[in-house]
Amino acid sequence: MRDANRWVLLLPFISFAIAAWLFVGSEVEARAQFERAKESWRLGRYSEAVEIYRSFLERYQNSEYAPEAIWETATIYYYNLHDINGALRHFEGIIAKYPESPWAAKSHLKLAEIYDRELNELSKALEHWNGAVETGALSQEELREVRFQVADARFKVSEFDLALDEFKRIIEEDEGHLAEQARVRIGTILRIRRQFRDASRVFSEILAETECANCRLQAQLGLIESLEFLNQLPEAIEVARSIDTQVYPSEMRQELLDRLFEKRRYYEPGLWNGR
């Protein structure tokens, strides 16, 4: 009787050991199939890779590799097969099935990118940027990038007050490239609002400090337009002359200069007196 009791006590441990052994074996098999799918992807056999991932997910939906398998399927649809609907369906599937996974935050970011750049649905993009933040899984760098994207979306739909608040906060908290881009956007908003003196000041400050070639070009073009509206054509011409033709085609710069010279001749004092 004592031996029988001993076996009864051991049964839970034996069951646990068997379950652990089966789980490990299953994960080894899952890993092997997962790697086969990745290899097909690397070799450019995209449809084959998608099919292997689909089979993998049917058999191993509880595997630790499952969220990544859906992510990679979505990525193939997006970048390799150019199937936006397929990509959306799979990125959304990660969020629905594995909301606690780090891949859920990444999926929110990728969905925001698709809705912003591909579908021009900024309201949906904003929804997913906010969803990414709410996961709590983003790094500080990713959070700053999301904040800029949200501000830029506000800028694109002419919600200038909200955009200005966000861009100013970015400048206060960041000293890198995003802050420079935010300053360019602020100058652009001021120019759009016809606050040309304020816009000129912001663009001039950017030109005095930035090392970013693209930021510099945007500031130069914004400053030229602002100076034009202020009828400061000689200053606008000098800024146009300073544009680097490595980042702005020389023909376009010449066209800009020709237009400014023509406008200056038209408005030059004494022109209509025959001088």
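Criteria and cut-off values
- Residues numbered from 1 in each chain as written.
- Predicted model: local features only at pLDDT ≥ 70, side-chain atom pairs only at ≥ 80, totals over all residues.
- Heavy atoms only, no water.
- Helix = DSSP H or I, 4+ residues; strand = E, 2+ residues; numbered from the N terminus.
- Expected span 1.5 Å × (residues − 1).
- Buried < 20%, exposed > 50% of the residue type's maximum accessible area, 1.4 Å probe, protein only.
- Contact = heavy atoms within 4.5 Å.
- Phe/Tyr/Trp six-rings, centres within 6.5 Å; stacked < 30°, edge-to-face > 60°.
- Lys NZ or Arg CZ within 6 Å of the ring centre and 35° of its normal.
- Core = buried A, V, L, I, M, F, W, Y, C linked by side-chain atoms within 4.5 Å.
- 1 Å grid on protein atoms, 1.4 Å probe; cavity = no way out; pocket = protein on both sides within 12 Å on 5 of 7 lines; lining within 4 Å.
- Points joined across faces, edges and corners; volume = space filled by probe spheres on them.
- Salt bridge = Lys/Arg side-chain N within 4 Å of Asp/Glu carboxyl O.

(A) Spotlight on helix H6 (residues 122-134). Compared with the 18 Å implied by 1.5 Å per residue over 13 residues, the 18 Å span of H6 between its first and last C-alpha is a close match. Turning to H6, its buried residues are Leu 122, Ala 125, Leu 126, His 128, Trp 129, Gly 131 and Ala 132. Considering only its buried residues, H6 is in contact with helix H4 (84-97), helix H5 (102-118) and helix H7 (140-156). Within two residues after H6, Gly 136 carries a phi angle of roughly 70°, on the positive side.

(B) Looking closely at the packing of aromatic side chains. Enumeration over the complete set of coordinates arrives at 10 aromatic pairs. Each ring, one from Phe 155 and one from Phe 160, has its centre 6.1 Å from the other, and the planes form 55°; the classification is tilted. The same class applies to Phe 155 and to Phe 160, which are both buried. Each residue in the set Phe 34, Tyr 53, Phe 56, Tyr 60 and Tyr 65 is aromatic and connected to the rest through ring pairs, giving one cluster. Positioned over the ring face of Trp 103 is Lys 106, at 5.8 Å from the centre of the ring.

(C) Just the side chain of Gln 181, in detail. With respect to the helices and strands, the residue Gln 181 is situated in helix H9 (residues 177-192). With near-sequence residues (within four places) excluded, Gln 181 lies in contact with Phe 148, Asn 214, Cys 215 and Gln 218.

(D) Looking closely at unusual backbone geometry. Although it is not a glycine, Ser 158 sits at a positive phi angle of roughly 65°. Assignment of secondary structure puts Ser 158 in the loop between H7 and helix H8 (160-173). Of note in this structure, Arg 194 is not a glycine but carries a positive phi near 65°. On the secondary structure map, Arg 194 appears in the loop between H9 and helix H10 (196-209).

(E) View of the nonpolar core. Within the largest apolar cluster, 39 residues are counted, with the highest numbers of intra-cluster contacts made by Phe 56, Phe 91 and Trp 129. Where this core is concerned, the elements lending two or more residues are helix H1 (2-42), helix H2 (46-59), helix H3 (66-80), H4, H5, H6 and H7. In terms of residues, this core owes the most to one element, H3, which gives 8 residues. The next biggest cluster of nonpolar side chains, apart from the first, holds 36 residues, and it includes Phe 148, Leu 178, Ile 186 and Leu 233.

(F) Structural view of the side chain of Glu 113. Here Glu 113 shows up in helix H5. Look at Glu 113 and you get buried, because its relative accessible area is 18%. Among all residues touching Glu 113, those that are not within four sequence positions of it are Tyr 78, Tyr 79 and Glu 118.

(G) Main features of the environment of Glu 64. Mapped onto the elements, Glu 64 comes out in the loop between H2 and H3. Residue Glu 64 is classed as exposed on the basis of its relative accessible area, which comes to 58%.

(H) Representation of empty space enclosed by the protein. Under the counting rule described, the total for this entry stands at 1 cavity of 30 Å³ or more. If you add up the space inside the largest cavity, you get close to 50 Å³. Along the walls of the largest cavity sit Arg 144, Arg 147, Arg 169, Ile 170, Glu 173, Asp 174 and Leu 178, which together make up its complete lining. Among the elements of the structure, H7 and H8 are those that each provide at least two residues to the lining of the largest cavity. Ranked by residue count, the leading element in the lining of the largest cavity is H8, at 3 residues.

(I) Structural context of the environment of Arg 201. By secondary structure assignment, the location of Arg 201 is in helix H10. Arg 201 sits in the partly exposed class, given a relative accessible area of 42%. Taking C-alpha positions, Arg 201 is 9.7 Å from Ser 226, a pair spaced 25 residues apart along the chain.

(J) Main features of the pattern of salt bridges. Tallied over the full model, the rule gives 22 salt bridges. Here Arg 54 and Glu 51 are joined by a salt bridge, their closest N and O atoms 2.3 Å apart. Taken together, the residues span about one helical turn, with Arg 54 and Glu 51 both in helix H2 at a distance of 3 residues. Owing to a relative accessible area of 39%, Arg 54 belongs among the partly exposed residues under this scheme. Across the pair Lys 110 and Glu 113 runs a salt bridge, and its minimum N-O distance is 3.2 Å. Here Lys 110 pairs with Glu 113, and both are found in helix H5, just 3 residues apart, close to one helical turn. The exposure class assigned to Lys 110 is buried, which follows from its relative accessible area of 14%.

Such coordinate-based values are descriptive only and should not be taken to indicate function.
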